[in-house]
Amino acid sequence: MILIDGKKAAAELRADLKQEVAQLKSKHNKVPGLTVILIGDLTPSQIYVRNKEKSANEVGLKSEVIKYPDSVEEKTVLEKIQELNSDETVSGILVQLPLPKHIDKQKVIEAIDPSKDVDGFHPMNVGNLSSGYESSIPCTPLGCYLLIKKIEPNLSGKKAVVVGRSNLNGKPMTQLLLKENCTVTITHSKTKDLKAECLEADIIVAAVGIPELVRGDWVKKDAVVIDVGINKTDDGIVGDVHFDEVSKNAKALTPVPGGVGPMTIACLLKNTIDCFKRSQI
Ligand code: NAP
């Protein structure tokens, strides 16, 4: 079984991006800039944002974090986004989710200029991805896709099952696999026989949020299994895939932690650089 090392893949991607930033700097005499808006003091959000800032600095991006208290008015956030939309030094804007209840998430997402939407959540980018046009792609599914391609460079004709249909993970993952000519089944909480669906799959991507849902006897020999889940349990962090069981059957599997997680931030940096490159054309 191949253990898909997301830490290593993310480090390689960051090294490539660092070189690319240096080349862009010498060509354009400026570097891509990422601005993150962080609202409130949720610890996980603070940790994510700190890691994003650290990684952005590591590859040579200009990075900035704008912090607001939980009580900030929606209008203040929307005005700041407008300001960042017209700031030429800002290539990418990310508003860290979740937001306090009084702020309309969709309004915030739609306020971001689609050409600076490094999360790929703007309806314009969602539409472009599903139409097969160039777009920002949500970072976690993009990371999964890059890991899958390392194992299976040619995905054409493969059967893929995506477990979970969130806008964040399952749906964009489905679009990416479709684009590669996979035959994709997208499953969710109302799917009748998830085990039977998974048993058909050459590729399984699990993004559910249920600890160890995907069992060893759900996976056919030689399947590539990508575990997006991050679930806190009494035994520590586990994924949506039963690692010990599935590792006995699968051809390749991502661990949790150390699989998809590290790729997510590396892909955010990639998206920022791609937004910058498109803005220079
Ligand atoms: P989400 O928005 O809660 O969506 C979960 C999806 O799973 C829903 O579509 C739901 O179906 C489906 N589902 C629930 N129970 C199911 C079942 N028994 N069988 C099949 N499908 C079922 O979750 P998410 O935001 O996509 O996150 C999923 C997991 O990924 C979480 O553990 C999260 O922490 C993790 N995550 C990891 C990263 C990373 O960087 N590694 C990034 C983001 C999220 P319905 O639509 O029918 O409700």
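Note that the structure is predicted; figures quoted are calculated from it, not measured. All residue numbers here refer to positions counted from 1 along the written sequence of the relevant chain. Totals for whole chains, interfaces and linings use every residue, but because this is a predicted model, local features are given only for residues with pLDDT of at least 70 and side-chain atom pairs only at 80 or more, for both listing and counting. To obtain the side-chain values, all non-hydrogen atoms of the structure were used and water was disregarded.

Enquirer: Would you mind going over the pattern of salt bridges with me for this structure?
Expert: Should the charged atoms of two oppositely charged side chains come close, the side chains can pair. Throughout this description, the term salt bridge denotes a Lys or Arg side-chain nitrogen within 4 Å of a carboxyl oxygen of Asp or Glu. Considering all chains together, one arrives at 17 salt bridges under this definition. Among the salt bridges present, the one from Lys 75 reaches Glu 79, with a minimum N-O distance of 3.5 Å. Note that Lys 75 and Glu 79 are positioned in helix H3 (residues 74-85) at a spacing of 4 residues, about one turn of the helix. Under the scheme applied here, a residue whose accessible area is under 20% of the maximum for its type counts as buried, over 50% as exposed, and between as partly exposed, the area being computed with a 1.4 Å probe on protein chains only. On the basis of relative accessibility, which here comes to 54%, the residue Lys 75 falls in the exposed class. Since its relative accessible area comes to 46%, Glu 79 is described here as partly exposed. Strands are runs of DSSP state E lasting at least 2 residues, helices are runs of H or I lasting at least 4, and numbering of each runs from the N terminus.

Enquirer: Looking at this structure, I do not really get the sheet that holds strand S4 (residues 92-95). What am I missing?
Expert: Pairing between sheet strands relies on hydrogen bonds along the backbone, with the strands arranged either parallel or antiparallel. The strand order across the open sheet formed by 3 strands is S3-S2-S4, and the pairing between neighbours is parallel. The open sheet terminates on both sides in strands that have one partner only, identified here as strand S3 (62-68) and S4. Direction aside, neighbouring strands of the sheet carry axes that sit 15° apart on average. We call two strands paired when DSSP finds no fewer than two bridges between them. Axis angles are defined between N-to-C directions and span 0 to 180 degrees, where every axis is a line fitted to C-alpha atoms and, for a helix, only to the segment in contact.

Enquirer: Explanation requested: the domain arrangement of the chain in the structure shown.
Expert: Many descriptions give the size of an interface as the accessible area lost when the pieces come together. According to the domain assignment, the chain contains domain 1 (29-114) and domain 2 (139-261). These domain limits were set by an automatic method or by a database of domain assignments. For domain 1 and domain 2, the distance between their C-alpha centres works out to 29 Å.

Enquirer: Would you explain the site of the ligand in this entry?
Expert: Near residues are defined by distance, with any heavy atom within 4 Å of the molecule or strand qualifying the residue. Around the ligand, a shell composed of 21 residues is seen, among which Arg 165, Ser 166, Asn 169, Ser 189 and Thr 264 lie nearest. In this structure, Asn 169 approaches the ligand through a side-chain N or O atom, which is 2.9 Å from an oxygen atom. Here the Shrake-Rupley method, with its probe set to 1.4 Å, supplies the accessible areas, and only the displayed protein chains count as covering residues. Contact with the protein chains hides 69% of the accessible area of the ligand, taken as 930 Å² for the molecule alone. If you tally residues by element for the shell around the ligand, the top one is helix H10 (residues 260-279), at 3 residues. Asp, Glu, Lys and Arg are counted as charged, while Ala, Val, Leu, Ile, Met, Phe, Trp, Tyr, Cys and Pro are counted as nonpolar; the rest, among them Gly, fall into the polar class. Class assignment for the residues of the shell around the ligand results in 9 nonpolar, 11 polar and 1 charged. Between N or O atoms, a polar contact is any pair within 3.5 Å; within protein, one atom must be a potential hydrogen donor and the other a potential acceptor, and residues adjacent in sequence are included only when both atoms are from side chains.

Enquirer: Please explain the nonpolar core as it appears in this structure.
Expert: The nonpolar side chains of a soluble globular protein tend to be buried, and buried together. Residues belong to one nonpolar core when they are buried, are Ala, Val, Leu, Ile, Met, Phe, Trp, Tyr or Cys, and are joined through side-chain atoms within 4.5 Å. Grouped together as the largest cluster of nonpolar side chains are 48 residues, with contacts concentrated most on Ile 148, Met 173, Leu 177, Val 205 and Ile 226. The biggest single contributor to this core is H10, with 9 residues. Every residue pair with non-hydrogen atoms within 4.5 Å of one another is taken to be in contact. In contact with Met 173, other than residues within four places in its own chain, are Pro 141, Cys 144, Tyr 145, Ile 148, Val 162 and Val 205. Within the second largest apolar cluster, 17 residues are counted, among which are Ile 66, Leu 84, Leu 99 and Ala 111.

Enquirer: Just to check I follow, could you spell out a nonpolar patch on the surface for this structure?
Expert: Taken together, Tyr 48, Ile 230 and Ile 237 make up a surface patch of nonpolar side chains, about 290 Å² in accessible area. With respect to the element layout, Ile 237 can be found in strand S10 (residues 236-238). In this structure Ile 237 comes out as partly exposed when scored by relative accessible area, which is 37%. The patch calculation keeps residues exceeding 30% relative accessible area without a salt bridge and links them within 9 Å when they carry like charges or within 5 Å when they are nonpolar (Val, Leu, Ile, Met, Phe, Trp, Tyr).

Enquirer: Explanation requested: the sheet that holds strand S8 (residues 224-227) in the structure shown.
Expert: Read across the open sheet, the 6 strands follow the order S1-S11-S8-S7-S5-S6; overall the sheet is parallel. The sheet is open, and its two borders are formed by strand S1 (2-3) and strand S6 (183-187), each paired with just one other strand. Two elements, S1 and strand S11 (residues 252-253), share 2 bridges in a ladder whose sense is parallel. If you follow Leu 3 over to S11, its bridge partner there is Leu 253. Of the strands in this sheet, S1, strand S7 (203-206), S8 and S11 are in contact with helix H6 (residues 139-151), which crosses S8 at around 160°. Contacts from helix H7 (residues 170-179) reach strand S5 (159-163), S6 and S7 within the one sheet, and its direction differs from that of S6 by about 170°.

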